[in-house]
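Coordinates in review
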Amino acid sequence: MSTSISNSRLTSRLWGQLTSIRLTVFLLLILAVVAVVGTLGFPGLYYTIWFLAPLGLLALNLLACLVEGLPQALKRAARPFTGEMALALPERGRFSWPAETAAPALVEEILRRELGRPRHQILGEEQVFFYGRGRLRPLGPYCVHLALVLILAGGVVGKFWGIEGRILLQPGIDGSSIELDQPGRKLPLGFLVRLEKFQVRYYEGSGGTPQEFRSDLTFLQDGAAVKQAVCRVNDPVVFGGYTFYQASYGTLPGGPVQLELTREDQRQSLELPFRRWVQLPGSEIQVMAVRVEGNLQGLGPAVQLAYRPGPGHPQFAWLLQKHPEKVKPLGPFRLALAPLKLEYYSVLQVKHDPGVGWVYGGFLLLLPGLYLAFFRPTQRWAVVLQKGRKDRWEGRLLGASPRSRETFLARTERLRERLQRGGA
Amino acid sequence: MLSQALGAVMLLYLGVGLLFLAAGLWASASLNRLARLLFGAGLAAHTAILLARWWQSYHLASGHQPLTLFSEKLRLVVLQAPMSNFYESLVFFAWCLPFLAILTWRRDLHDYLGTVVALGACLLLAYASLGGVDSRIKPLMPALKSNWLLIHVVTCFLGYAAFTLGFGVAILYLAQERRSRPSLPPRSQLDRLLYQTTIIGFLLLTLGILTGAVWAEQAWGRYWSWDPKETWSLITWLIYATLLHARLVKGWQGRRIAWLGVLGFVAVLFTYLGVSFLLPGLHSYLT
Ligand code: HEM
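Below is a short write-up of the structure. All residue numbers here refer to positions counted from 1 along the written sequence of the relevant chain. To read the labels, note that chains go from A and ligands from 1, taken in the order they are written. Restriction of local features to residues with pLDDT of at least 70 applies here, the model being predicted, together with a cutoff of 80 or more for giving and counting side-chain atom pairs; totals for whole chains, interfaces and linings are based on all residues. Side-chain numbers come from the whole structure's heavy atoms, not from hydrogens or water.

**Let's talk about the coordination of the iron atom of the ligand**
Excluding water, the donors of a metal are its N, O and S neighbours within 2.8 Å, or within 3.2 Å for Na, K and Ca, and that exclusion means sites may look incomplete. Around the iron atom of the ligand, the protein supplies A:His145 (NE2) and B:His245 (NE2) as donor atoms, at distances of 1.9 Å. Classification of the site at the iron atom of the ligand as octahedral follows from its six donor atoms and the range of 86 to 179° in their angles at the metal. With A:His145 in helix H6 (residues 139-161) and B:His245 in helix H8 (residues 228-246), this pair bridges two chains. Taken as a pair, A:His145 and B:His245 share a single burial class, namely buried. Here a site with four donors is tetrahedral if all angles are between 85 and 135 degrees, and a site with four or six donors is square planar or octahedral if opposite donors are over 155 degrees apart and the other angles are between 65 and 115; anything else gets the irregular label. Only runs of H or I of at least four residues qualify as helices and only runs of E of at least two qualify as strands under DSSP, and these elements are numbered from the N terminus. Here the term buried applies to any residue with accessible area under 20% of the maximum for its type, exposed to any over 50%, and partly exposed to those in between, with areas from a 1.4 Å probe on protein chains only.

This is how it looks when you write it as structure tokens:
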């Protein structure tokens, strides 16, 4: 008996905590602090308990608030504003007009000019003119909170049921699987992706800033081409449940790198197979082509060379095809680069994320939510007219707005002035 | 040419700031009117300079890719908005301050509040002009070529500007709190203005984060990747969400809210400057 009472008391205390804004404020600040720590060199922090626990609690907090407040907010938003409700608003001023005034028409006119078209109801002796706006305001914060729940849910769905990786495509070698972000893990696509052509254009005289790069792709299912598409930065391609994003690109030599060696007026050519050590003729020096670039800092095609004069750590140097004068001699040799044949490879980010729809749904819901919460404050006014002594019109101005006190008071003030002047 | 004109606008803002200050010290309505008039003129000139740079930038870009279709030209106009490097962002940030203040504060923009806004804009322009910031127009790299660029940058910077105004208000509030001065705006007014600027900033920052996420999803296939700038914008957003909710909790009014406004602005500064200079990431093209 007593345990069940204390149990239910405990539950209600727990529920009280879960629905409290105090907890929200606390959690938001905690999350901010942990996020700060994460940017100071602990990028993995966001996937540890230190971040996920307060985030999960915030999600619970949000859900609890929704359960607690949404039904009432819905009820309030659904309840139309009536003359009876108008009579219960607090009084904001009084006025008195001569008997001969066409008071109902004048009140209607003033309200319409200052606020908007009022409604009219006769309740016993009294005529009530009333006007309200922002009835949906109570739904605003709940739209926002629901939207946040959707976004968080979308993130969870993506983490658990999403697939993310990359694929490296070379002309002539069809891609059949993606490398997942966990190192060493591959996932077969179930179809083939062929890089028909890769193109990159550079801005002229800009130090090698690419203007555009694109991959012309063909998707093959059971050996047959099913779809052709161009994949560009900011312009992804969808196929077979995956989305392909142009992420980056690189270059490989289209054959061995050709070097021109000059030693005391004697010229000779040398072939360097990519990424293999080669001894320079008649010397101890070894060289290896380790990287090729189509346009190194706007200076044109280039090869990065590793070299070692003997045993020991290699050193590095760039050879520029179009600027042989910038290449430093290597021991007794002067080096020049014969025209390079380059082949581009393209790196595509590949993704399947069923959570994105949820996230975007949340984004869409956020907008009306913020609009309602911030720009549609609930404001209500009423003017009550009644015949008084000597048949004069006695009027009362009523009104309330739980938020946005300032604009409400300013409007009410103007309205009162107009009404008090109105009969004269 | 444009940089000289910008220097003139900077000096004009400085003058406006001093005029507002004088108007506050001598409680002079006519000085206030003059300061507001000049502030409006400065903003108009600033707007013209932005538009001229936009035109220049469009012209340079259309040299790289001659276009004939109207829709293609329109897209290039959108892409070439002058907000794609650090210098341009400073000039735009400086523009947002008087723009937002005049638009949202209207009659409240006078005396010390006017001083805060005008000097803020002047400082940003001074940094852009004299801080050794590279002011050349550079071609856009492919990732930046998106229709989302304009709306993303505009919402983010208007949001930053709203928070900057809020910071000015919060500082005035804290000054009032320590020793009440009748010449400063009353605390109730400052409290209202802080809430108002926070709402506007929160809405704009939210839009900025959303458009950034949609853009990142389109460009890289990831709406969120914990890039430092992203993370700091989230931190900023969390602090202002705290502020909005803390107002609803009993005992968290006035001074503590003002301190949250200050804290939020520190996060804004770090999001804008600190991340670019101290932490590397996707947004590093800004420097
Ligand atoms: C990141 C998380 C959150 C965000 C961005 C957020 C956003 C908002 C916004 C924009 C408003 C309107 C504020 C205003 O009118 O000044 C609001 C109001 C509110 N929020 Fe949140 N919220 C969050 C989390 C929560 C949580 C977890 C709770 C649960 C206690 C909560 C409870 C409330 C309440 C009770 C209101 C006032 C409702 C009203 O005015 O009728 N919020 N929220």
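Having seen the structure, we can now continue with the description.
**Digging into the pairing of strand E16 (residues 315-320) of chain A**
All names here are of chain A. Two strands qualify as a pair provided that DSSP identifies no fewer than 2 bridges between them. Two strands pair when backbone bridges link them, and strand E15 (residues 302-308) and E16 are joined in this way by six bridges, in the antiparallel orientation. From the neighbouring strand, Gln-304 faces E16, where its bridge partner is Trp-318. Where E15 folds back on E16, the antiparallel hairpin that results is connected by six residues, among which Gly-312 adopts a positive phi of roughly 125°.

**Topic: the environment of A:Val36**
In this structure, A:Val36 sits in helix H2 (residues 21-39). Given a relative accessible area of 23%, A:Val36 falls into the partly exposed group. In this analysis, two residues are considered to be in contact whenever any of their non-hydrogen atoms come within 4.5 Å of each other. If we skip the residues at most four places from it in the chain, A:Val36 touches B:Trp232 and B:Ile235.

**Some details on the site of the ligand**
Around the ligand, 23 residues are found, and the nearest of them are A:Cys65, A:His145, A:Arg403, B:Tyr195 and B:His245. Neighbouring residues of the ligand are distributed over chains A and B. A 3.5 Å cut-off defines polar contacts: any pair of N or O atoms within that distance qualifies, except that in protein one atom must be a possible hydrogen donor and the other a possible acceptor, and neighbouring residues in sequence count only when both atoms are side-chain atoms. In this structure, B:Tyr195 approaches the ligand through a side-chain N or O atom, which is 2.5 Å from an oxygen atom. Between the ligand and B:His245 there is a distance of 2.7 Å, counted from a nitrogen atom to a side-chain nitrogen or oxygen. For this purpose, a residue is taken to be near a molecule or strand whenever a single non-hydrogen atom of the residue falls within 4 Å of it.

**Some remarks on the environment of B:Phe167**
Within the secondary structure layout, B:Phe167 lies in helix H6 (residues 148-178). The residues contacting B:Phe167, other than those within four sequence positions of it, are B:Val262 and B:Phe265.

**A few points about helix H7 (residues 356-375) of chain A**
Residues three or four positions apart in an α-helix share a direction because the helix packs 3.6 residues into each turn. To estimate the expected span of a helix, subtract one from its residue number and multiply by 1.5 Å. With 20 residues, H7(A) extends 28 Å from end C-alpha to end C-alpha; this agrees with the ideal 28 Å at 1.5 Å per step. Regarding H7(A), the residues found buried are A:Val356, A:Val359, A:Gly362, A:Phe363, A:Leu366, A:Gly369, A:Leu370, A:Leu372, A:Ala373 and A:Phe374. Residues of H7(A) that are buried sit in contact with H6 and strand E18 (342-352) of chain A together with helix H7 (187-220) and H8 of chain B.

**Details of the interface of chain A and chain B**
Listed per partner, the contact involves 48 residues of chain A and 45 residues of chain B. By convention, the term buried area covers the 1.4 Å-probe accessible surface removed from two parts as they join, with the contributions of both added. When chain A packs against chain B, close to 4,100 Å² is buried across both sides, 70% of that on carbon and sulfur atoms. Salt bridges are identified by distance alone: a Lys or Arg side-chain nitrogen within 4 Å of an Asp or Glu carboxyl oxygen. The tally of links between chain A and chain B comes to two salt bridges. Put simply, A:Glu164 and B:Arg222 hold a salt bridge, and the shortest N to O gap is 2.5 Å. Counting the contacts that link chain A with chain B gives 13 residue pairs in polar contact (both at pLDDT 80 or more). Counting residues per element, the ones that place at least two in the side of chain A that touches chain B are H2, H6, strand E7 (210-221), strand E10 (242-253), E18 and H7 of chain A. Top element by residues in the side of chain A that touches chain B is H2(A). It accounts for eleven residues. By residue class, the composition of the side of chain A that touches chain B is 27 nonpolar, eleven polar and ten charged. Amino acids are sorted into nonpolar (Ala, Val, Leu, Ile, Met, Phe, Trp, Tyr, Cys and Pro), charged (Asp, Glu, Lys and Arg) and polar (every other residue, Gly among them).

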